[in-house]
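# Notes for the structure review
Spelled out from the first residue to the last, the chains are:
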Amino acid sequence: MITVSDKAKEKVEHLMRDSQLDATYRLRASVAGGGCSGLSYKLDFDNETRPMDQEFEDKGVRVVVDMKSFLYLAGTELDFSDGLNGKGFQFHNPNASRSCGCGESFSV
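Residues numbered from 1 in each chain as written. Predicted model: local features only at pLDDT ≥ 70, side-chain atom pairs only at ≥ 80, totals over all residues. Heavy atoms only, no water.

Bringing the overall build of the protein chain into the picture now. Looking only at helices and strands, the protein chain features two helices and nine strands. From first element to last, N terminus to C terminus, the protein chain shows the α and β order β-α-β-β-β-β-α-β-β-β-β. Sorting the 108 residues of the protein chain into buried and exposed places 36% on the buried side. Within the protein chain, contacts between residues at least 6 apart in sequence are counted, and of these 51% link residues at least 24 apart. Entry remark: accessible area of the protein chain is about 6400 Å², with carbon and sulfur atoms responsible for 48%. (Helix = DSSP H or I, 4+ residues; strand = E, 2+ residues; numbered from the N terminus. Buried < 20%, exposed > 50% of the residue type's maximum accessible area, 1.4 Å probe, protein only. Contact = heavy atoms within 4.5 Å. Areas by Shrake-Rupley, 256 points an atom, 1.4 Å probe, with all protein chains shown as cover.)

This is the structure:
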């Protein structure tokens, strides 16, 4: 499962309102090759479900993940920070053996 912090929930809802997205849209989390640690996180809104997608709901936020990405993201918490150390979504991923300083890429 992928969980969502209260701050991430607020930010996702804010972005959906600003983009005028209806309830058919979900937050799509995925992993792609790249970044300074080898794998990078991707977030987007999507209103289509693909074969083999895994869908989770936490705090009213629906998150969809393709099966390949789920292997890397299982147990991850999505958080949002707006502090002095950087603003943006953060992935607290128990599967990552190391991550880069900016937190946007990782390796297993």
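This brings us to the nonpolar core. Counting 19 residues, the largest nonpolar core has Ile2, Val63, Val65 and Leu73 as its most contacted members. If you list the elements that add at least two residues to this core, you get helix H1 (6-18), strand S2 (26-33), strand S3 (39-46), strand S5 (61-65), helix H2 (67-73) and strand S6 (77-83). (Core = buried A, V, L, I, M, F, W, Y, C linked by side-chain atoms within 4.5 Å.)

Considering the arrangement of structural elements, one finds Asp22 in the loop between H1 and S2. Along the primary structure Asp22 and Asn47 are separated by 25 residues, whereas in three dimensions their C-alpha atoms are 9.0 Å apart. For Asp22, the side chain forms a polar contact with the side chain of Thr24, separated by 2.4 Å. (Polar contact = N/O pair within 3.5 Å; in protein donor to acceptor, adjacent residues only side chain to side chain.)

The next point concerns the pattern of salt bridges. As a working rule, side chains carrying opposite charge can pair if their charged atoms are close by. With the rule as written, the count across this model stands at eight salt bridges. In this structure, the salt-bridge partner of Asp82 is Lys7, at a minimum N-O distance of 3.2 Å. Taken as a pair, Asp82 in strand S6 and Lys7 in helix H1 lie far apart in primary sequence, 75 residues in all. Note on Lys7: relative accessible area 45%, which makes it partly exposed. Residue Arg62 is joined to Glu55 by a salt bridge in which the shortest nitrogen-to-oxygen separation is 3.8 Å. The exposure class assigned to Arg62 is partly exposed, which follows from its relative accessible area of 24%. By sharing partners, the salt bridges in this structure join Arg28, Asp46, Arg50 and Asp53 into a single network. (Salt bridge = Lys/Arg side-chain N within 4 Å of Asp/Glu carboxyl O.)

Secondary-structure assignment places Arg28 in strand S2. In this structure Arg28 comes out as buried when scored by relative accessible area, which is 6%. Side chain to side chain, Arg28 and Asp46 meet in a polar contact 2.7 Å long. Here Asp53 takes part through its side chain, which lies 2.7 Å from a polar atom of the side chain of Arg28. The contact partners of Arg28, leaving out residues within four places of it in the chain, are Lys42, Leu43, Asp44, Asp46, Glu48, Thr49, Arg50, Asp53, Val64, Val65 and Asp66.

By themselves, these observations are geometric and do not establish any function.
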